[in-house]
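The residues making up each chain are set out below.
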Amino acid sequence: HQGGCHCGRVRFEVETGLSRVLACNCSICAKHGLLLSFVGAGQFKLLSGERELTDYQFNKKAIHHLFCRSCGVECFGRGTAPDGKEMVALNVRCLDGIDIGALQTTPFDGKSL
């Protein structure tokens, strides 16, 4: 899949089957309406816009929420899985040509973490 931010400055490609899409209720995901798919860092490639990204961290500062500084869209975040593996939290809403209504989402209680 390919995707990007609203203004097009940040573009990426990712290998994901979208079989598990999480609807997290943490404070940032709830306010942004994020739907997430987690992939290993090797499955994600930033094609353009690295200099356009700004980093936001909160709470335990475990995830780098990366936003386009021009349009404000968070296409993805970077963090580490419990086993230490580098992960990318992909905002599925930023993928090109995906019918969000056709996806099956799984609630995730990030609010309680």
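Anyway, here's the lowdown on the structure attached to this text.

## Side note on the packing of aromatic side chains
Tallied over the entire structure, the rule returns four aromatic pairs. Seen from their ring centres, phenylalanine 12 and phenylalanine 76 are 6.3 Å apart, and the 70° between their planes marks the pair as edge-to-face. Here phenylalanine 12 is found in strand β2 (residues 11–14), whereas its partner phenylalanine 76 is found in strand β8 (residues 74–80), with 64 residues between them in sequence. Residues phenylalanine 12 and phenylalanine 76 agree in their burial class; the two are buried. Ring-pair connections join several aromatic residues into one group, and the members of that group are Phe12, Phe44 and Phe76.

## Some words on the pairing of β8
Counting buried residues in β8 gives five out of seven residues, a clear majority hidden from the surface. Inspection of the sheet shows strand β7 (residues 64–68) paired to β8 by four bridges, in the antiparallel sense. Bridge assignment links phenylalanine 67 to a residue of β8, and that residue is glutamate 74. Inspection of the sheet shows β8 paired to strand β9 (residues 86–91) by five bridges, in the antiparallel sense. Bridge pairing in β9 links glycine 79 to methionine 87.

## With respect to the environment of phenylalanine 108
Relative to the assigned elements, phenylalanine 108 resides in strand β10 (residues 105–108). Separated by 100 residues in the primary sequence, phenylalanine 108 and glycine 8 have C-alpha atoms spaced 29 Å apart.

## Points about the nonpolar core
Counting 19 residues, the largest nonpolar core has Val10, Phe12, Val14, Phe44, Cys75, Phe76 and Leu95 as its most contacted members. Of all the secondary-structure elements, those providing two or more residues to this core are β2, β7, β8 and β9. The residues contacting phenylalanine 76, other than those within four sequence positions of it, are Val10, Phe44, Leu46, Leu53, His64, His65, Leu66, Val88, Ala89, Leu90 and Asn91. Ranked by size, the runner-up nonpolar core spans eight residues in total, among them Cys24, Ile28, Leu34 and Ala89.

## Some points on unusual backbone geometry
Phi angles above zero are rare outside glycine, and asparagine 59 is one such case at about 55°. Structurally, the position occupied by asparagine 59 is in the loop between β6 (53–56) and β7. Relative accessible area serves as the criterion here: at 58%, asparagine 59 is assigned to the exposed category.

## Thoughts on the sheet that holds strand β1 (residues 2–4)
With antiparallel pairing, the three strands of this open sheet are ordered in space as β1-β2-β5. The sheet terminates laterally at β1 and β5 (44–48), the two strands that pair on one side only. Put simply, the sheet's adjacent strands are angled 30° from each other on average, direction ignored. In this structure, β1 lies alongside β2, joined through three bridges in antiparallel fashion. Among the inter-strand pairings, glycine 4 is bridged to a residue of β2, identified as arginine 11.

Definitions and limits used
Residues numbered from 1 in each chain as written. Predicted model: local features only at pLDDT ≥ 70, side-chain atom pairs only at ≥ 80, totals over all residues. Heavy atoms only, no water. Phe/Tyr/Trp six-rings, centres within 6.5 Å; stacked < 30°, edge-to-face > 60°. Helix = DSSP H or I, 4+ residues; strand = E, 2+ residues; numbered from the N terminus. Buried < 20%, exposed > 50% of the residue type's maximum accessible area, 1.4 Å probe, protein only. Pairing = 2+ DSSP bridges. Core = buried A, V, L, I, M, F, W, Y, C linked by side-chain atoms within 4.5 Å. Contact = heavy atoms within 4.5 Å. Axes fitted to C-alpha atoms, helices over the stretch in contact; angles between N-to-C directions.

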